[in-house]
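Commentary on secondary and tertiary structure
Chain residues, written in single-letter form:
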Amino acid sequence: MDRFLEEVAKKHNRTLEEIMYYLSMLLMVFFGFFGLMNLMAVVYGGFSVPDLVITALFLGMAAYLFFTHDKLRTEYEYTFTNGTMDFAMVFNNKKRKSLGSLNVKKVDAFGRVQSGSFRRHTSGNDVKHLRWFLNRDAELYYFAFSKEGKKSVIVFEPSEEMVGLVKQYLPYGALQEN
């Protein structure tokens, strides 16, 4: 029998993100409109370097907002399948970026971020911190593991059901409850 659970971590209070998202769309239209108006002025009104620079600036800002405004609506997706955790970042429910996969049987430690063991595993300059969560006030957990001799720590916000599944696949001594 397969053990499978998929969760999506969303921001609890999305008001500011929604305001920024719609503001970026409005600014994108504004910059695009004025960039095209300036382009028409450059083409039909005579060439000048300052007008061309302003046109490029407006069109560049519109293009930048077009390609990045979906990142304002970011979610994290955690998928647990028979001892393997997959992490992904989802932008505006359109684009999905895989962050990585982790075999739970090969982790060094797993526990709550508030525990003393978290500070032990994150101390040191050579530890890579991967923060794959959105809500600082949520119950955060961590995985500490080594890959190719480099230590890494993943911090994420799973549900209690997912924590229960993870605990079933942990190696002996990896569960850090203090």
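My aim in this report is to walk through the structure given alongside it, one point at a time. Residue positions within a chain follow its written sequence, with the count starting from 1. Side-chain atom pairs in this predicted model are given and counted only at pLDDT of 80 or more, local residue features only at pLDDT of at least 70, and totals for whole chains, interfaces and linings cover all residues. Based on all heavy atoms of the structure, the side-chain values leave hydrogens and waters out of the count.

1. Re the overall build of the protein chain
In terms of regular secondary structure, the protein chain is built from four helices and nine strands. A run of DSSP states H or I qualifies as a helix once it reaches four residues; a run of E qualifies as a strand once it reaches two. Both are numbered from the N-terminal end. Reading the protein chain from its N terminus to its C terminus gives the helix and strand order β-α-α-β-β-β-β-α-β-β-β-α-β. On the principal axes, the C-alpha backbone points of the protein chain span a range of 75 × 35 × 30 Å. Only protein chains enter the calculation, and the probe is 1.4 Å; a residue is then buried if its accessible area is under 20% of its type maximum, exposed if over 50%, and partly exposed in between. Counting over 178 residues, the protein chain shows a buried share of 40%. Counting only contacts in the protein chain whose residues sit at least 6 apart along the sequence, the fraction spanning at least 24 positions is 62%. Only the protein chains shown count as cover for residues, and the accessible areas themselves come from Shrake-Rupley with a 1.4 Å probe. Total accessible area computed for the protein chain in this model is approximately 11100 Å², and 59% of it derives from carbon and sulfur atoms. Counted as positive: Lys and Arg. Counted as negative: Asp and Glu, with His and the chain ends omitted from the count. The atom standing in for a charge is NZ when the residue is Lys, CZ when it is Arg, CG when it is Asp and CD when it is Glu. Side chains of the protein chain give 22 positive and 19 negative charges; the mean places of these two sets differ by 5 Å. Any pair of residues with heavy atoms lying within 4.5 Å of one another is described as a contacting pair.

2. Quick word on the packing of aromatic side chains
Here a pair means two rings of Phe, Tyr or Trp (six-membered ring of Trp) with centres within 6.5 Å. Their orientation is stacked below 30 degrees between planes, edge-to-face above 60, and tilted elsewhere. In total, this model carries 16 aromatic pairs according to the counting rule given. For the pair Phe31 and Phe58, a centre-to-centre distance of 5.8 Å together with 35 degrees between the ring planes defines the contact as tilted. With Phe31 in helix 1 (residues 15–45) and Phe58 in helix 2 (residues 49–68), the pair connects residues that are 27 residues apart, well separated along the chain. Exposure remark for Phe31: the relative accessible area of 13% places this residue in the buried category. Seen in terms of ring centroids, Phe143 and Phe156 are 5.2 Å apart; in terms of plane orientation they differ by 10 degrees. Their pairing is stacked. Separated by 13 residues along the polypeptide, Phe143 in strand 7 (residues 141–147) and Phe156 in strand 8 (residues 150–156) bring together distant segments of the chain. No difference in accessibility class separates Phe143 from Phe156, as the two residues are buried.

3. Notes on the environment of Lys128
Relative to the helices and strands, Lys128 resides in strand 6 (residues 128–132). Distance in space between the C-alpha atoms of Lys128 and Tyr44 is 55 Å, their sequence separation being 84 residues.

4. A short note on the sheet that holds strand 8
By this definition, two strands are paired if DSSP reports at least two bridges between them. Spatial strand order, 6-8-7-5-9: five strands in an open sheet with mixed pairing. Either end of the sheet is taken by a strand with one partner, and the two such strands are strand 6 and strand 9 (175–176). Orientation is described by lines fitted to C-alpha atoms, with helices fitted over the stretch in contact, and by angles between N-to-C directions that extend from 0 to 180 degrees. Strands in contact with helix 4 (residues 160–169) are strand 5 (109–112), strand 7 and strand 9; relative to strand 5, the strand with the most contacts, it is inclined by about 155 degrees.

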